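# Observations on chain architecture
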Amino acid sequence: MPSTSLFGFGFLSLMLMLHQGVVSIDYKAALSKSLLYYEAQRSGKLPPNQRVQWRADSGMNDGSDAGVDLVGGYYDAGDNVKFGFPMAFTLTMLAWGVVEFGQQLEAMNESSNALEAIRWGTDYLLKAHPQPNVLYGEVGDGDSDHECWQRPEDMTTPRTTYRLDENHPGSDLAGETSAAFAAAAIAFNQTDPAYSTLLLTHAKQLFDFGRFYLGKYHDSIPVAKKFYTSSGYDDELLWAAAWLQRANQDQTAMDYLDESGTTGDVRTMFSWDDKFVGVQILVAKLVLDGKVEETDNWALFKQHGEQFICNCLQKGNKNVQKTAGGLLWWGSPWAPLQYTTAATFIAATYSNYLAAAGSTLECQGGSVSPDELLALARSQVDYILGNNPRGMSYMVGFGLSHPQKVHHRGSSIVSIKNDSTPVTCKGGYEMWYLKDAPNPNLLIGAVVGGPDQSDNYDDSRSNYQQAEPATAFTAPLVGVLARLAF
């Protein structure tokens, strides 16, 4: 049976009580688990209050090859690489969750855990940004890491450090990291003003670095291209500007948005690579709040963001597909739930914006109330948590049925605290990866890639398209779960 000190409190998290024909779901338990997941992904020296006890210190020499301290941060997914691009997006989304749903997180006694999850990442990113125009964007590389199946605690793979600078630009990574700092600055404004000010300073520096030294980060860090290719940097720079404007009404950022040569048009998804929908919704709030007139670029941002939401609601002119079981389907078999969790966050957040403005969303298929938007978010969250044709929760450790053979090195190998015998590079594949048994360590709160278009899921460790979780998948869900639990 998988080992965890916290498994008992949530084994019956998915309460199957019939209420008007709908499965009742314990969103508060799911929220708690979603934040616990980030403790399992930690790299570096673990703190005394670490709750995921099967993990131990790891990556303690990260950055030493470059003469810089890069200990800390998060492992990206089921491997042991620290990819800066998705890590920064993860932190932006966690911070956005606190910004929009802080009251609900506080009511659920999870505010401190949410802020700790953010701070673990932003503390690392502060180290990764030692000079205004220098940003360390990756530690380790996917190719060498994927050759081995080892716990992070005793990994033997190279921990090469990769950086951006004026001669090796990365506007997308700089922009996303700026957005993470700016969003986190808002999240910490009340509890730690000094830290908030520090984050905002770094956000402004990175925004300038990104816009004055243009280029895609994967051209400067080629080893990242195979794993996290960037489609462009316009969205990240606008994303950074939108967050800087929100953080302190930055006029430079406001002008950047106003004078932008693109608003992104209507997007097909919101993700770690494509931030346009996020920008559009943040700008739409400015319009709804009466801070800008609904003209020119401002109107287009709002119109395009709302059209994306209409398409998710099946009331647009190019609706998102749905599976027979009701899951929004984005056309990609690779980790489809990453797009679903992101879209649910947009729906729940825009529901708040509309309600605060006393407004409705006008779609081609009719008017939509804030409650209907929240109902869309709820339907997708319910699917993820077990209200689907398989009756399976795609959050590990939640409900009576959930993934057991998650594609995750640390989870699938016996804890170093239980057996300190080093796991070799190839030996890990032979002893643990190929083992036809549930993972020995439960990766509580992780959202896996999810089902296919036919609502089917193969619970197999080798099925990385469906069975691998990542920090960017769960991050948008945190704020939504707080809203639904409230």
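Each remark here, short or long, concerns the structure printed above.
Predicted model only: the values in this text are computed from it and were never measured.

Within soluble globular proteins, side chains that are nonpolar generally end up buried alongside one another. Residues Trp-96, Tyr-350 and Leu-385 are the most contacted members of the largest nonpolar core, which totals 151 residues. Ranked by residue count, the leading element in this core is helix 2 (residues 84-107), at 12 residues. Other than its neighbours up to four places away in sequence, Tyr-350 contacts Ile-281, Ala-284, Leu-288, Lys-302, Glu-306, Ile-309, Leu-361 and Leu-373. Among the nonpolar cores identified, the runner-up in size contains six residues, and Trp-149, Ile-413, Val-423 and Tyr-433 belong to it.

Time to look at unusual backbone geometry. With phi around 60°, Asn-109 is a residue other than glycine that occupies positive phi space. Mapped onto the elements of the fold, Asn-109 is located in the loop between helix 2 and helix 3 (111-127). Assessed through its relative accessible area of 61%, Asn-109 is described here as exposed. Despite not being glycine, Gln-314 has its phi angle at roughly 70°, a positive value. Along the chain, Gln-314 turns up in the loop between helix 11 (296-312) and strand 6 (321-322). Take Gln-314: its relative accessible area is 32%, and that puts it in the partly exposed class.

Right, let's get into the state of the cysteines. The full count for this structure, using the stated rule, is two disulfides. Sulfur-sulfur distance for the disulfide between Cys-148 and Cys-425 comes to 2.0 Å. Taking the torsion about the S-S bond as the criterion, the Cys-148 to Cys-425 disulfide, at about -85°, is left-handed. Of this pair, Cys-148 sits in the loop between helix 4 (142-146) and strand 5 (161-164) while Cys-425 sits in the loop between helix 14 (409-412) and helix 15 (427-433); the two residues are 277 residues apart in sequence, bridging distant segments of the chain. Each member of the pair Cys-148 and Cys-425 is classed as buried. Here Cys-310 is linked by a disulfide to Cys-363, with a sulfur-sulfur distance of 2.0 Å. Across the S-S bond linking Cys-310 and Cys-363, the dihedral sits near -85°, which makes this disulfide left-handed. Within this pair, whereas Cys-310 is found in helix 11, its partner Cys-363 is found in strand 8 (residues 361-363), the two being separated by 53 residues in sequence. For Cys-363, a relative accessible area of 10% corresponds to the buried category. Taking only the cysteines that form disulfides and numbering them from first to last, the protein has the pattern 1-4, 2-3.

This brings us to the side chain of Gln-280. Summarising the element assignment, Gln-280 is placed in helix 10 (residues 276-288). For Gln-280, the side chain forms a polar contact with the main-chain oxygen of Asp-265, separated by 2.8 Å. Residues within four places of Gln-280 in sequence aside, it is in contact with Thr-263, Gly-264, Asp-265, Arg-267, Phe-301, Lys-302, His-304 and Gly-305.

Here we come to the packing of aromatic side chains. Applying the stated criterion to the full structure yields 25 aromatic pairs. An aromatic cluster of three or more residues is present, and its members are Phe-89, Trp-96, Phe-101, Trp-239, Trp-243, Phe-270 and Phe-345. Residue placement shows Arg-119 over the ring face of Phe-188; its charged tip is 5.7 Å from the ring centre.

What counts, and at which threshold
- Residues numbered from 1 in each chain as written.
- Predicted model: local features only at pLDDT ≥ 70, side-chain atom pairs only at ≥ 80, totals over all residues.
- Heavy atoms only, no water.
- Core = buried A, V, L, I, M, F, W, Y, C linked by side-chain atoms within 4.5 Å.
- Buried < 20%, exposed > 50% of the residue type's maximum accessible area, 1.4 Å probe, protein only.
- Helix = DSSP H or I, 4+ residues; strand = E, 2+ residues; numbered from the N terminus.
- Contact = heavy atoms within 4.5 Å.
- Disulfide = S-S within 2.5 Å.
- Polar contact = N/O pair within 3.5 Å; in protein donor to acceptor, adjacent residues only side chain to side chain.
- Phe/Tyr/Trp six-rings, centres within 6.5 Å; stacked < 30°, edge-to-face > 60°.
- Lys NZ or Arg CZ within 6 Å of the ring centre and 35° of its normal.

These figures come from the coordinates and say nothing about function on their own.
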